Amino acid sequence: MQLDGKCPGGPIAEQWDRHKFAMKLVNPANKRKFTILVVGSGLAGASAAASLGELGYNVEVFCYQDSTRRAHSIAAQGGINAPKNYPNDGDSIHRLFYDTVKGGDFRSREPNVYRLAQVSNSIIDQCVAQGVPFARDYGGYLVNRSFGGAQVSRTFYARGQTGQQLLLGAYQALARQRKAGTVHLHTRSEMLDLVLVDGEAKGIIARDLISGELHSYAGDAVVLASGGYVNVFYLSTNAMGCNVTAAYRAYKRGACFANPCYTQIHPTCIPVSGEHQSKLTLMSESLRNDGRIWVPKQKGDTRRPEDIPEQDRDYYLERKYPSFGNLAPRDIASRAAKEACDQGRGVGPTGYGVYLDFSDAIQRLGETAIQERYGNLFEMYERITAENAYRQPMRIYPAPHYSMGGLWVDYNLQSNVPGLFVLGEANFSDHGANRLGASALMQGLADGYFVIPYTIADYLGRIAPGAVDTGHEAFQACRESVEKRISGLLGGKGRQTVNEFHRRLGNIMWEDCGMARSRESLNRALEQIPQLRREFWEDVILTGAPGGLNQELEKALRVADFLEFGELLARDALAREESCGGHFRTEYQTEEGEAMRNDKDFSHVAAWEYSGEDTAPAMHTEPLAFENVQLAVRSYK
């Protein structure tokens, strides 16, 4: 298989404009003849559906939540990047492009990243017009703050609830199109398979989570905006419902899965407190603007933080990375926290925690200023931990957070399966091996508002509308496949719950494929995961019937896919014999413990093609060219 990124040539700053002009268009009268299925209603899905509906297409939107407002995008806290350079501190489109490529450890596709930086300014204008309440100064101007991996302030924010406010803006746009009749919304409806006709994506099979009924939906194109896969680790900052099923089912139908080993561990999360937990809580990276991260200098120092004098504290990020300090990129900050805890200098009941201390900022700015910037985050922290972070430092520790890998897409955001487009976190295209903070919201809205409306037209302009309906035999065959999978799960007489299997998988993934990976640990995971998967199908207990509300069946279908996907992730990590960004192989590190890339052999995208049950997937590569950013050792010192 040849992976063609379809990247336009010429000067990178002109590529997107020239590409837009070269693509086919669909005239207004013909748009209403086409039906587009959008799976997912977060920022990428909602903005895409609203934009396509505004253009006049017939759009069907599917989400497993009871409202599109409950998509996991609401959990994003800190902000959204755009290089408007309001602070006049040296930012530009090219600098955001450079920071993103460097932050991803030179493992992303340059043209996609430049386009992302290019359209991001328009996102802010769009969202302000929608009424998104970005923070403003006394004079009414939008204000910015800094985020990890950058030395400029380019992050627009709405206190600590930016994702929620942006999603409400997209939701309003979506609601307008529902009223206009161009968008039809299917809530509590989960995609369980992708339907291909003559090798092109023409529909989905979805399960109504209330009635349990399976429904077939036909369309002229399918847009997947179903989010990431880090719940493969069981404990993560993602909502419990977040899953890999839509993307993985597309993979099993022929769509290549790119760089699945690129997962992000967020350095600023509330530490694990016990086996009772089903998820972890993110504390915004924005807190690192004013909070200082430290641990005791001496191993086993159990004094209260306020009793530890300055000379006995190790502000390790400021010491190791003086140029960026506490705003070092996420992968670097996470590994540094793990290193301190592995040395026995961690804090808290488990020893897996570091301090995030605001005492200096409160003394410098006053408590009122900190409340205005981060008040809801401090309140959330106190509700969970019963600790007042104005009076004592927060305790934080890294946790699985984001997926940089995803389905392979070209410059048009189309997968290698014609008619299947993939947006936001579900695709691989923009972040390389590490995502910069505040860029997830940027990518989701860029893809939905400003990219897919152009690129999907180039595909639709080449096909006849309504060529396939649900009476086609491919829909029946796909539906029977889903029914067989469901009956196989419900027919078991096992003893272990779905959650037990998910937790055991998460333990394997975290211990052997987490922040640090090795040939030994990855081979161990590749032995244990297939064994666990066989045990799951033999010994899972699942009550109820296929019809009606059955949340255990919902979870079982998702965990069954995680049990297959976890093996793919580990296989990709084993094949990538280098360290880059969030993928840290212990065999490949410098004397200072930093990631050691191998540009000669691994400056490529690894895209995996499904080869059948019990058959190793085939790996294809797309070479990465760096013509505008020079390959260099990534340094934040």
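Now for a description of the structure that goes with this document. (Residues numbered from 1 in each chain as written. Predicted model: local features only at pLDDT ≥ 70, side-chain atom pairs only at ≥ 80, totals over all residues. Heavy atoms only, no water.)

**Considerations on the side chain of T385**
Next up, step 1: By secondary structure assignment, the location of T385 is in helix 11 (residues 367–385).
Next up, step 2: In terms of polar contacts, T385 uses its side chain to reach the backbone carbonyl oxygen of Y381, at 2.8 Å.
Next up, step 3: Polar side-chain contacts of T385 include one of 3.2 Å to the backbone nitrogen of E387. (Helix = DSSP H or I, 4+ residues; strand = E, 2+ residues; numbered from the N terminus. Polar contact = N/O pair within 3.5 Å; in protein donor to acceptor, adjacent residues only side chain to side chain.)

**Section: the pattern of salt bridges**
Next up, step 1: For the coordinates displayed, the defined rule picks out 57 salt bridges.
Next up, step 2: We note a salt bridge from R70 to D66, for which the minimum N-O separation is 2.6 Å.
Next up, step 3: A relative accessible area of 54% places R70 in the exposed class.
Next up, step 4: Close ionic contact of R576 with E578 constitutes a salt bridge, the shortest N to O distance being 2.8 Å. (Salt bridge = Lys/Arg side-chain N within 4 Å of Asp/Glu carboxyl O. Buried < 20%, exposed > 50% of the residue type's maximum accessible area, 1.4 Å probe, protein only.)

**Some remarks on helix 5 (residues 110–130)**
Next up, step 1: Taking 1.5 Å per residue, 21 residues should reach 30 Å; helix 5 reaches 30 Å between its end C-alpha atoms and fits that length.
Next up, step 2: Taking the largest bend as the criterion, helix 5 deviates by roughly 30°, centred on S120.
Next up, step 3: By the criterion of burial, helix 5 is predominantly enclosed, with 16 of the 21 residues buried.
Next up, step 4: Looking at the residues trailing helix 5, positive phi occurs at G131, about 95°. (Expected span 1.5 Å × (residues − 1). Bend = angle between axes of the 7 residues up to and from the residue.)

**Quick word on the packing of helix 6 (residues 162–180) against helix 12 (residues 440–460)**
Next up, step 1: At a minimum axis separation of 11 Å, helix 6 and helix 12 run at an interaxial angle of 10°. One finds that helix 6 runs roughly parallel with respect to helix 12. Note on element contacts: helix 12 touches helix 6 through L441, L445 and Y449, opposite T162, G163, L166, G169 and A170. (Axes fitted to C-alpha atoms, helices over the stretch in contact; angles between N-to-C directions. Parallel < 35°, antiparallel > 145°, perpendicular 65-115°, else oblique. Contact = heavy atoms within 4.5 Å.)

**Quick look at the packing of aromatic side chains**
Next up, step 1: The full count for this structure, using the stated rule, is 26 aromatic pairs.
Next up, step 2: Ring plane angle 80° and centroid distance 5.8 Å describe the contact between Y86 and F156, whose orientation is recorded as edge-to-face. With Y86 in the loop between strand 3 (80–81) and helix 4 (93–103) and F156 in strand 4 (residues 155–156), the pair connects residues that are 70 residues apart, well separated along the chain.
Next up, step 3: Judged by its relative accessible area of 45%, Y86 is partly exposed.
Next up, step 4: These aromatic residues form a ring-pair network of at least three members: Y229, Y248, Y251, F257, F565 and Y610.
Next up, step 5: Above the ring of Y454, the side-chain terminus of K20 is found at 4.9 Å from the ring centroid.
Next up, step 6: Its end group placed over the ring of Y157, R145 keeps NZ or CZ at 3.6 Å from the ring centre. (Phe/Tyr/Trp six-rings, centres within 6.5 Å; stacked < 30°, edge-to-face > 60°. Lys NZ or Arg CZ within 6 Å of the ring centre and 35° of its normal.)

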